[in-house]
Amino acid sequence: MLNKNITVKLALIYDKISEAFQKRNKGVILIIIYTILSGLHSICTGLLYLFMFQLPAHVAGLLFLSFLLGCTGLISSWGMWMYRKWGLNLTKMIYTLLIPMTCIVMVSGKYGTSGPAVVWQVFETGFALWILLYLMKPEIKKAFR
């Protein structure tokens, strides 16, 4: 009896999640997932580096900014999921700030100057640019209230 109740409740939760995903734009879902993952990554690495290593002031400042952007990214993801205009605007602001930040990191060599490190920074910059361009589409802007 208990297993049947749990199964029914899980089925209802699955149906609600499935319905929510069907109503939303797939590109927006991809952006939300990426923003959540990169936000969590920024928070964790920012805290780890700030508390574990002695860093020059400019690097610590960039890491603190990265931490703040990670926290803001989680908040903006919620706003995007709820299709709120502030979530869209906050996400656009985050990726607008992220593009020059990744370029500064690439030039400074913080993650190294090896091929994979540079390729990752170029990918991250390109993906942020794609996100900005995608969020500026008229049909995407119209979906947010």
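The text that follows walks through the structure, step by step, so that each part is easy to find. Source: prediction; values computed, not measured.

The rules we used
Residues numbered from 1 in each chain as written. Predicted model: local features only at pLDDT ≥ 70, side-chain atom pairs only at ≥ 80, totals over all residues. Heavy atoms only, no water. Helix = DSSP H or I, 4+ residues; strand = E, 2+ residues; numbered from the N terminus. Expected span 1.5 Å × (residues − 1). Buried < 20%, exposed > 50% of the residue type's maximum accessible area, 1.4 Å probe, protein only. Polar contact = N/O pair within 3.5 Å; in protein donor to acceptor, adjacent residues only side chain to side chain. Contact = heavy atoms within 4.5 Å. Patch = residues over 30% accessible without salt bridge, like charges linked within 9 Å, V, L, I, M, F, W, Y side chains within 5 Å. Areas by Shrake-Rupley, 256 points an atom, 1.4 Å probe, with all protein chains shown as cover. Salt bridge = Lys/Arg side-chain N within 4 Å of Asp/Glu carboxyl O. Core = buried A, V, L, I, M, F, W, Y, C linked by side-chain atoms within 4.5 Å.

Regarding helix α2 (residues 26–52)
Move 1: Spanning 27 residues, α2 covers 38 Å between terminal C-alpha atoms, matching the ideal 39 Å at 1.5 Å per step.
Move 2: Listing the buried residues of α2 in full gives Gly27, Val28, Ile29, Ile31, Ile32, Tyr34, Thr35, Gly39, Ser42, Ile43, Thr45 and Gly46.
Move 3: The N-terminus of α2 is capped by asparagine 25, whose side-chain oxygen sits 2.7 Å from the backbone nitrogen of glycine 27.

Quick look at the side chain of serine 77
Move 1: Note on placement: serine 77 falls in helix α3 (residues 57–81).
Move 2: A relative accessible area of 3% places serine 77 in the buried class.
Move 3: In this view, serine 77 contacts Ile32, Thr35 and Ile36; residues no more than four positions away in its chain are not counted.

Some thoughts on a nonpolar patch on the surface
Move 1: A surface patch of nonpolar side chains, about 630 Å² in accessible area, is lined by Leu47, Leu48, Tyr49, Phe51, Met52 and Phe53.
Move 2: Within the secondary structure layout, leucine 48 lies in helix α2.

Some thoughts on the nonpolar core
Move 1: Formed by 18 residues in total, the largest nonpolar core has its most connected members in Val28, Met80, Tyr95, Ile131, Leu135 and Phe144.
Move 2: Of all the elements in the fold, those that place two or more residues in this core are α2, α4 (85–108) and α5 (115–135).
Move 3: Residue contributions to this core peak at 6 residues, all from α5.
Move 4: Here isoleucine 131 is in contact with Ile31, Tyr34 and Tyr95, once residues within four sequence places are set aside.

Some points on the environment of glutamate 124
Move 1: The residue glutamate 124 is located in helix α5 in this model.
Move 2: Accessibility expressed as a relative area gives 15% for glutamate 124, which makes it buried.
Move 3: For glutamate 124 and isoleucine 99, which are 25 residues apart along the polypeptide, the C-alpha to C-alpha distance reads 8.1 Å.
Move 4: Not counting chain neighbours up to four residues away, the residues in contact with glutamate 124 comprise Tyr34 and Thr102.

Structural notes on unusual backbone geometry
Move 1: Despite not being glycine, tyrosine 83 shows a phi value in the positive range, around 55°.
Move 2: Note on placement: tyrosine 83 falls in the loop between α3 and α4.

None of this, on its own, says anything about what the molecule does.
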